[in-house]
Amino acid sequence: MPQPGVPLEFVAADGPVREPVTKVGGQPVWLEEPQWPVSRTTGEPMEFLGQFALDGGRLAYLFMTGEGDGWTWHPERGDNALVIQPSGRIPDFVTVRAQAEGPSAGEDHLPRTAERHSSLFLGGPDTEPEWVQDDEHPGEGWELVVQLTEELPFFVNFGDAGAGWAFVSPDGKEGRFLWQCC
């Protein structure tokens, strides 16, 4: 039976977060060699949105082509990426560079349980997305990592009243990210 996500809010960190924890903004805390995705449309490094803790000490690193560029809404056009470490697999539609730092959506922010209703939440087994339009689940067995909305502490272009969803493959080695708007 589907479970609701735990509502979140992100609060400013006291400084740069250098631990392998869930956060948005700042710079990635790589568990293996850096794998910074490059936008298929612009040829430039994508913007780092955040990293999300997965089971087994793994992290999912979320990137998206900057505002107004590319096909960022589409999960397999090469303008957004969810990189899994350690032992992840980069899909053939994503190009990466061995670059440790790059563009970021904002300063480091850490999660806490929201005291009010929020459409921003972490996923997990049996957690279902709150779709804005039609169900665009990437396939059988793909698990929701996070649902992001305009409630983030910095601007991310998900269109008008949009939301974004990050998923990890059934084998836990590959990720997808997509967004929808009204």
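Rules used in this analysis
Residue positions are given per chain, counting from 1 as you read along its sequence in written order. A pLDDT threshold of at least 70 governs which residues receive local features in this predicted model, and a stricter bar of 80 or more applies before side-chain atom pairs are shown or counted, although totals over entire chains, interfaces and linings include all residues. Based on all heavy atoms of the structure, the side-chain values leave hydrogens and waters out of the count. Note on aromatic contacts: the rings of Phe and Tyr and the six-membered ring of Trp form a pair at centre separations within 6.5 Å, being stacked when their planes are under 30 degrees apart, edge-to-face when over 60 apart, and tilted otherwise. Segments assigned H or I by DSSP are reported as helices when at least four residues long, segments assigned E as strands when at least two residues long, and all are numbered from the N terminus. For the exposure calls, accessible area comes from a 1.4 Å probe over protein chains only, and a residue counts as buried if that area is under 20% of its type's maximum, exposed if over 50%, partly exposed in between. Whenever a carboxyl oxygen of Asp or Glu lies within 4 Å of a side-chain nitrogen of Lys or Arg, that contact is scored as a salt bridge. For this analysis, a nonpolar core means a set of buried residues of the types Ala, Val, Leu, Ile, Met, Phe, Trp, Tyr and Cys, connected via side-chain atoms within 4.5 Å. Any two residues whose heavy atoms approach within 4.5 Å are treated as being in contact.

So, on to the packing of aromatic side chains. Taken as a whole and judged by the stated rule, the model has ten aromatic pairs. Each ring, one from Trp30 and one from Phe63, has its centre 6.2 Å from the other, and the planes form 10°; the classification is stacked. Here Trp30, found in the loop between strand 2 (23–24) and strand 3 (36–38), pairs with Phe63, found in strand 5 (residues 58–64); they are 33 residues apart in sequence, far enough to count as distant. The class of Trp30 is buried, set by a relative accessible area of 16%. When its relative accessible area of 0% is taken as the criterion, Phe63 is described as buried. A ring pair is formed by Trp131 and Phe167, whose centres lie 6.2 Å apart and whose planes are at 20°; its orientation type is stacked. Pair noted here: Trp131 is in the loop between strand 9 (121–122) and strand 10 (143–149) and Phe167 is in strand 11 (residues 163–168), with a separation of 36 residues, a long-range link.

Once the charged atoms of two side chains with opposite charge are near each other, the side chains can pair. Under the counting rule described, the total for this entry stands at six salt bridges. For Lys23, the salt bridge is made with Asp108, and the minimal N-O distance between the two is 2.5 Å. Of the two residues, Lys23 is situated in strand 2 and Asp108 in the loop between strand 7 (95–97) and strand 8 (109–113); the sequence distance between them amounts to 85 residues. Classification of Lys23 as buried rests on a relative accessible area of 0%. When its relative accessible area of 8% is taken as the criterion, Asp108 is described as buried. Ionic pairing is found between Glu76 and Arg176, a salt bridge with its closest N-O pair at 2.8 Å.

Residues Phe52, Val145, Leu148, Leu152 and Phe158 are the most contacted members of the largest nonpolar core, which totals 24 residues. Secondary structure elements with two or more residues in this core: strand 1 (6–12), strand 4 (47–54), strand 5, strand 6 (80–85), strand 10, strand 11 and strand 12 (175–180). Ignoring anything within four residues of it in the chain, the contact list for Phe158 reads Met64, Leu148, Thr149, Leu152, Ala163, Gly164, Phe177, Trp179, Gln180 and Cys181. Membership of the second largest hydrophobic core comes to eleven residues, among which are Trp30, Leu59, Phe63 and Ala81.

Quick look at the environment of Val17 now. Looking at the secondary structure, you find Val17 in the loop between strand 1 and strand 2. Looking at Val17, the relative accessible area reads 8%, which means it is buried. Expressed as a C-alpha distance, the spacing of Val17 and Gln27, which sit ten residues apart in the sequence, is 8.1 Å. Not counting residues up to four positions away in its chain, the partners in contact with Val17 are Lys23, Val29, Asp108 and Leu110.

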